[in-house]
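Residues per chain are reported as follows:
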Amino acid sequence: MSTAVFSRPAEQVLEQHDVTRNQGLSESQVEQSRQEHGRNQLREAQQRSPLAILVEQFKSVVILLLVFAAVVAAVSQRWPEAIAVVVVIAVNALIGFFTEWRASQSMQALRERSQHDCRVVRSGEEREIPAVDVVPGDILSLKPGDIVAADGRLLSEEGLKVDESALTGESVPVLKQTKKVEKDTPLAERACMVYKGTTVTDGSGLALVVAIGSETELGKIADLAEQAESSQTPLQKRLDELGGKLAWITIAIAVVVALSGLWAGQELSLMVETAIALGIAAIPEGLPIVATMALARGMYLMAQRNAVVNRLPAVETLGATQVIFSDKTGTLTENEMRLERLVTSARTRNLSEDQALDSLSSRLLSRATLCCNACLNEESDDDPTGDPEELALLTALNQQDTSVSELHTSYPRLDEEPFRHESMKMATLHRNSEGNVVAVKGAPEAVLDACTEVATEDGSKALDQTLKEEWKGRLTQAAGQGMRVLAVAEKKVSEENFSEVDPYSGLTLLGYVAFVDPPREGTRETIDACQAAGITVEMITGDQPETARAIAEAVGIAGGEGEPEPIVMQGGELEDVESLDEKTKDRIVEANIFARVEPHQKLGIVKMYQERGHVVAMTGDGINDAPALKKADIGVAMGIRGTEAAKQVADMVLNDDRLETMVEAVKQGRAIFDNIRKSIIFMLCTNVAEVLAVAIASILGWTLPLRPLQILYLNLLTDVFPALALAVGPAREGIMDEPSRKPDEAVLTRCHWAEIARGSVILAACVLGSLKYAEASLGLNQAQAITVSFLTLAIGKLWFTFNLRHRSSGVFRNEVTRNPWVWAAIAFCLGLLYAAIKLPLLTNLLKTEMPGPTAWALIAGASLIPVILGQLVLLFQGGRKKEN
């Protein structure tokens, strides 16, 4: 904060605000402050309105092309064509609108804000008021369980601990104190400050409010998130590029066909109609619907897996992801401390491997548990309250033969010396039948200094300097493994209160208790799956480097067999990332662990990776993650532990907080892109075949193989349903064994364009061949011959879907044949084609006639040629790939 109140003494800050700690503000001062600073609330991020969601559906080059085609058809009074195209536009818009609107409603349910009250000192008395009514100059009274209402400078504290994990990423509550700190102290280390949105876990204190609303650290992060611009997804970019190419192709086709037909002597009116129809045909009208339906189905499948997706394209983006930046606390870990290790003079016992305790370890655990103020609330449904490390001790004791309640019955508490920042330890006094016992726990260095003896299996012995160094070595080892360590000591006394005895003299060291915030179940498997799919997973956290490194090694990000070496960078090296030299940026790219990172630094890292061409996903649950979540190509927030700020900007929220869902999302995203690519190849190949057949016939002066309305009938009906079926198909086998596609890779590569050219030429040749054979060899009239070519193209299109299997899959067992929607689409389209030659309304409109048996044999043979040749090409390509 600009005034750096944390670097000045508390009394000086009080004087600046013209307030005394005992009296607080008067009513007139409160009103004056409110007029000057406003209410204590953040600026609410603007939510998308239904109209904005609807308008979003039209922001596509392909959709704009269709609008243009509809206008041209209407101007030339081709009403059936105009209406058909308008229907396509409307259907696409409605599907996209309702899918995203429903998602936005689900997201809104996640964003419901809960108001809370707080206690302040005003006019000499403590009172409870709504948090929004707090003003600068108020004095907050803080107790366990309180949500801090505003940023404040501590005036006094009694063992105050605050959970700041959502703001800074610190995985354990921070011990607070009133002494000033240096001006350049990082946010996570300003021990004399409390911040809006954090939670008091233990102790009590008074704090002077120095910032409210958007001026708080939480407010600044919210503003940073608001300013971070969301990126257009890779799929959106690629489809818009394809749409731009198709726009020029469409204009060129219409002009070339019209001029060549007129030059060959075709009728003017016929060529104008055909040019318009082919211009429309060159545009894959079904593409917007196909892409929208594929994404909508992906959204549905993700919802079935407890993930709420906010924007349709976000589903596909995960499939293109190359780098995942994962927050540590609450994302890779449980955000719940667990007692991992008991260290005594006799042995070190890891509780995750062995729960059975020897007498010395049992004594260590019981004394540590006696010296706790946390409460598990075993006899009620209330949530546990208190310091996470103390809760971990209580939980561990309950897993032994003696419960917490039984222990307290055997050792009733007589007195307590609370944890103080000056002493870095706390003590409790207990009555027992064998004599009164003082239990002490605290920072290892502080407790070691107060001990004169150490407990062994054979009694106690003097704790000399050599032994102290040994114990310090054990501390270094545990801390290096990312553990939080407390030392525990005891002594026997006859006194019954601490006014009669010094709790911290002549202590006997019992040992260390070490805690971990354990990795979430399934996290290692999730990261292994991502790395096998060519996706780099990196940790980005506000926690300490040692803790970050230990968790990175535990979950498989770095340091294990076959994994990269852990390379840690700290926040101090990442100030103003955008202005760093290229050498430093190269180091950032090489690093896989970022520790002590603040929100603006996370945002800078994400931006830098994007500028280098990476598709970036960011996972997180804290307020501090919000700006980076918004800027990333896809932001994924945790639903259970996630803060309001994180959920509000995320593209996806995992309702069950399970990272395994991300692997499924990556697989679904890849399948969506793969399926959309198949659909586009299908539509373009069959559309180009139409264009080629009509263009060649018009140039050569032959009978045109298709009439204008027949072209539209095929494009708007028999093209769309197989394309839709392909778009919602299952993921093919092995899709997660491939590396992420390059972010600049087009929807259609040169290989795909070659595939389209080959398929369309073969299909067009079969159409023209069937037309000429029907006229020359079968002696059919023009209407009958055109019907033959019309059905050859239509049925050939349906069989062509089977050419869209992956070359490594089997001929009869593959992702296309396993897709029930493909078979349903083929059956439905065959019904539409039968209706086109049977129903009077359609036969009159399309000018078709029922073929005879010989004509049907010609249609069947000619329509099968493309699929047979296509399968032979795929078999050849699959064989070559195996050889390589």
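Conventions and cut-offs
Residues numbered from 1 in each chain as written. Predicted model: local features only at pLDDT ≥ 70, side-chain atom pairs only at ≥ 80, totals over all residues. Heavy atoms only, no water. Core = buried A, V, L, I, M, F, W, Y, C linked by side-chain atoms within 4.5 Å. Buried < 20%, exposed > 50% of the residue type's maximum accessible area, 1.4 Å probe, protein only. Helix = DSSP H or I, 4+ residues; strand = E, 2+ residues; numbered from the N terminus. Contact = heavy atoms within 4.5 Å. Salt bridge = Lys/Arg side-chain N within 4 Å of Asp/Glu carboxyl O. Pairing = 2+ DSSP bridges. Axes fitted to C-alpha atoms, helices over the stretch in contact; angles between N-to-C directions. 1 Å grid on protein atoms, 1.4 Å probe; cavity = no way out; pocket = protein on both sides within 12 Å on 5 of 7 lines; lining within 4 Å. Points joined across faces, edges and corners; volume = space filled by probe spheres on them. Nonpolar A, V, L, I, M, F, W, Y, C, P; charged D, E, K, R; others polar.

Within the largest apolar cluster, 113 residues are counted, with the highest numbers of intra-cluster contacts made by Ile 557 and Met 652. Sort the elements by how many residues they give to this core and helix H24 (residues 660-700) lands first, with 17 residues. When sequence neighbours within four positions are dropped, the list of residues in contact with Ile 557 reads Leu 332, Ile 527, Gln 531, Val 537, Glu 538, Met 539, Ala 552, Glu 563, Pro 564 and Asn 592.

It is worth spelling out the pattern of salt bridges at this point. Overall, the coordinates contain 41 salt bridges when judged by the stated rule. Where Glu 27 meets Arg 127, a salt bridge forms, and the shortest distance between an N and an O atom there is 2.7 Å. Linking Glu 27 in helix H2 (residues 27-37) with Arg 127 in strand E2 (residues 125-130), this pair joins segments that are 100 residues apart in sequence. Linking Glu 490 and Arg 367 is a salt bridge whose minimum nitrogen-to-oxygen distance equals 2.6 Å. Linking Glu 490 in strand E17 (residues 484-493) with Arg 367 in helix H13 (residues 359-370), this pair joins segments that are 123 residues apart in sequence. With respect to burial, Glu 490 and Arg 367 carry one shared label: buried.

Here 8 strands make up an open sheet; going across it, the order is E8-E24-E23-E22-E9-E19-E21-E20 and the pairing mixed. On the outer flanks of this sheet lie strand E8 (307-309) and strand E20 (568-570), each paired with one strand and no other. Each strand of the sheet is rotated relative to its neighbour by a mean of 20 degrees, with strand direction disregarded. As paired strands, strand E23 (residues 634-638) and strand E24 (residues 652-654) are joined by 3 bridges and run parallel to one another. Pairing of Met 638 across the sheet is with Leu 654, part of E24. Here H24 sits on the sheet in contact with E8, strand E9 (323-326), strand E22 (616-620), E23 and E24, set at roughly 140 degrees to E24.

The next point concerns empty space enclosed by the protein. A full pass over the atoms with the stated rule returns 4 cavities of 30 Å³ or more. Its volume calculated, the largest cavity comes out at about 70 Å³. Lining of the largest cavity is provided by Ile 324, Ser 326, Leu 332, Thr 526, Ile 527, Cys 530, Val 537, Thr 619, Leu 659 and Met 662. Secondary structure elements with two or more residues in the lining of the largest cavity: E9 and helix H18 (523-532). Of the residues forming the lining of the largest cavity, the biggest block, 3 residues, is contributed by H18. Residue composition of the lining of the largest cavity, grouped by class: 7 nonpolar, 3 polar and no charged.

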